[in-house]
Amino acid sequence: MSIETLTSSVRNIQDFPIPGILFRDITTLFQSPSHLKELSDILCERYKDKGITKVIGIESRGFFMGPAVAIRLGAGFVPIRKPGKLPYKVIEETYTKEYGEDTIQIHEDALTKDDVVLLHDDLLATGGTMVAAYNLVKKFGVKKIYINFLIELEDLNGLEHFPKEVEVNSVIKF
């Protein structure tokens, strides 16, 4: 299977969630066992020799592939969630979005200085949420951080918000 096959399997939904937006629906990729396996294979091949100890999924679509990749890499899985969703003590990062501020949280004991982290989410658009997640993870002083997305919307230039020393990859680009 090719990246082109995966790309053509993403469903486009016009005017969702608001008029003028073309939404890239990845649920079609997850419904197909062969597409799901291919996504998993691509991600695992890309990160198998990086020494990943924790895969961090961003709420909520980062929870789709994150645990599967963690299992295959022999790593743990850590969720980053919106406020009020995690039951233990948290640290948080507040960031600005197009329509106001938002906050994400992680358990204060989720990572150590010895961890090599793969931050994973479904979509890179403007980059705000992942930049906040990156800043949150940096507070732990981990060894290394990698960033991965299933889809990147290249015309929104989200990549330019990440430090040059961070490896950022996307499987599918539009």
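Residues numbered from 1 in each chain as written. Predicted model: local features only at pLDDT ≥ 70, side-chain atom pairs only at ≥ 80, totals over all residues. Heavy atoms only, no water.

So, helix α5 (residues 128–138)
The cut-off we apply is this: Each residue is placed in one exposure class: buried if its accessible area under a 1.4 Å probe, protein chains only, is under 20% of its type's maximum, exposed if it is over 50%, and partly exposed if it falls in between. Here a helix means four or more residues in a row that DSSP labels H or I, a strand means two or more in a row labelled E, and each is numbered from the N terminus. In what follows, residue pairs with any heavy atoms lying within 4.5 Å of each other are defined as contacts.
Taken as a whole, α5 has its buried residues at Met-130, Val-131, Ala-132, Ala-133, Tyr-134, Leu-136 and Val-137. In this structure, the buried side of α5 is in contact with β3 (54–58), β4 (76–80), β5 (90–97), β6 (100–107), β7 (116–124) and β8 (144–152).

Observations regarding the pattern of salt bridges
The condition that has to hold: Salt bridges, as used here, are contacts in which a Lys or Arg side-chain nitrogen is within 4 Å of a carboxyl oxygen on Asp or Glu.
In the structure shown here, the tally under the stated rule is 12 salt bridges. For Lys-48, the salt bridge goes to Glu-45, with nearest N and O atoms at 3.1 Å. Relative accessible area serves as the criterion here: at 47%, Lys-48 is assigned to the partly exposed category. Among the salt bridges present, the one from Glu-93 reaches Lys-139, with a minimum N-O distance of 3.0 Å. With Glu-93 in strand β5 and Lys-139 in the loop between α5 and β8, this pair connects stretches of sequence that are 46 residues apart. Ionic contacts of the salt-bridge type, sharing partners, join the residues Lys-37, Asp-41 and Arg-72 into one network.

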